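Fold and geometry: a report
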Amino acid sequence: MKRCLIITGGKLDLSFAGSFLGQETFDKIIAVDAGLEAVKALGLEPDMIVGDFDTVKPEVLAYYRRMEHIVWDTHQPEKDETDTELALLKAQATGCTEVVVLGATGGRMDHMLGNIHLLFPCLQKGMEAYILDSQNRIYLIDKERTFNRREIWGKYISFLPLTEEVRGITLTGFKYPLHEKDIEIGTSLCISNELQGEEGAITFTDGVLIVVESHD
């Protein structure tokens, strides 16, 4: 598995990020525009820097310009894709099979919602993609999955439909079980569930779900 870390320009708890990165290893690090400031604060040297650089401090850009090994992927501010989408495309193009995105939540709601939607093409192409912050781990699933208490991000697990409908949801090992239930966009039925024991599972027959593992 080739793992990629993307740090983008949303709000990022540096204490959380430092603790998380102290326990993880990545094959590639991509900094995205203003996320470069967080990268510098964390003492990281990215392999690639992507963006239009309209929101990053000039002195931070100058600091990394001196590092000859870094690949720069520079774009004009007027473009169809967000900088985060461009970074995800680069991660795919370099053969990464798993990507973790930090700095993709908080701040502007349009960017946060857009970043969650960007997980969908990753799912389609077989690349595991996760958005993390200090309270949440967000990802998409289109098939059954098992959850272990020792591995989930927090106490709560929520399922929201990304597609218009998700059919045949069965939850076993959860505080609030379901059996072959269809849900549509516009319901809060599967918000804030919890594992009943050490393990739980979800199965469904059709659709795509947003999974949010979280804690207060």
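Residues numbered from 1 in each chain as written. Predicted model: local features only at pLDDT ≥ 70, side-chain atom pairs only at ≥ 80, totals over all residues. Heavy atoms only, no water.

Once that is clear, we can look at the overall build of the chain. Check the secondary structure of the chain and you find 6 helices and 13 strands. Here the chain has a C-alpha radius of gyration of 18 Å; the compact-globule value for 216 residues is 17 Å, and the two agree. Dimensions of the chain, computed from C-alpha atoms along their principal axes, come out at roughly 60 × 35 × 30 Å. Per-residue burial for the chain yields a buried fraction of 48% across its 216 residues. For the chain, the proportion of contacts with a sequence separation of at least 24, taken over those separated by at least 6, is 63%. (Helix = DSSP H or I, 4+ residues; strand = E, 2+ residues; numbered from the N terminus. Rg over C-alpha atoms; globule rule 2.2 N^0.38 Å. Buried < 20%, exposed > 50% of the residue type's maximum accessible area, 1.4 Å probe, protein only. Contact = heavy atoms within 4.5 Å.)

Once rolled over the atoms, a probe with the size of a water molecule shows which space is left empty. Applying the stated criterion across every chain, the model contains 1 cavity of 30 Å³ or more. The volume enclosed by the largest cavity comes to roughly 30 Å³. Lining of the largest cavity is provided by Thr84, Leu88, Val101, Asn115, Leu118, Leu119 and Ile131. (1 Å grid on protein atoms, 1.4 Å probe; cavity = no way out; pocket = protein on both sides within 12 Å on 5 of 7 lines; lining within 4 Å. Points joined across faces, edges and corners; volume = space filled by probe spheres on them.)

Once that is clear, we can look at the pairing of strand S13 (residues 209–214). In terms of burial, S13 is a largely internal element, 6 of the 6 residues being buried. Pairing of strand S9 (residues 156–161) with S13 involves 6 bridges; the strand directions are antiparallel. Residue proline 161 lies in a different strand from S13, and its bridge partner there is leucine 209. (Pairing = 2+ DSSP bridges.)

Next up on the list: the packing of aromatic side chains. A complete count under the given rule lists 10 aromatic pairs for this structure. Ring geometry for tyrosine 63 and tyrosine 64: centres 4.9 Å apart, planes at 90°, overall edge-to-face. Centre to centre, the rings of phenylalanine 147 and phenylalanine 174 are 6.0 Å apart; their planes meet at 75°, and the pair counts as edge-to-face. Remark: phenylalanine 174 occurs in the loop between strand S10 (165–172) and strand S11 (178–184) and phenylalanine 147 occurs in strand S8 (residues 145–148); sequence separation between them is 27 residues. There is no split in this pair, since phenylalanine 147 and phenylalanine 174 are both buried. Clustering of aromatic rings is evident, with ring pairs tying together Phe16, Phe20, Phe26 and Trp153. Sitting over the ring of phenylalanine 26, arginine 3 keeps its end group 4.5 Å from the ring centre. The ring of tyrosine 63 has lysine 40 sitting right over it, with the charged end atom 4.6 Å from the ring centre. (Phe/Tyr/Trp six-rings, centres within 6.5 Å; stacked < 30°, edge-to-face > 60°. Lys NZ or Arg CZ within 6 Å of the ring centre and 35° of its normal.)

What follows covers the side chain of arginine 137. Mapped onto the fold, arginine 137 is located in strand S7 (residues 136–141). Judged by relative accessible area, arginine 137 falls into the buried class, the value being 18%. For arginine 137, the side chain forms a polar contact with the main-chain oxygen of glutamate 151, separated by 2.7 Å. A polar contact is formed between the side chain of arginine 137 and the side chain of glutamate 213, at a distance of 2.6 Å. Once residues within four sequence positions are removed from consideration, arginine 137 is found in contact with Tyr130, Ile131, Leu132, Glu151, Ile152, Trp153, Val211, Val212 and Glu213. (Polar contact = N/O pair within 3.5 Å; in protein donor to acceptor, adjacent residues only side chain to side chain.)

Everything listed here is a matter of coordinates, which is why it stays silent on function.
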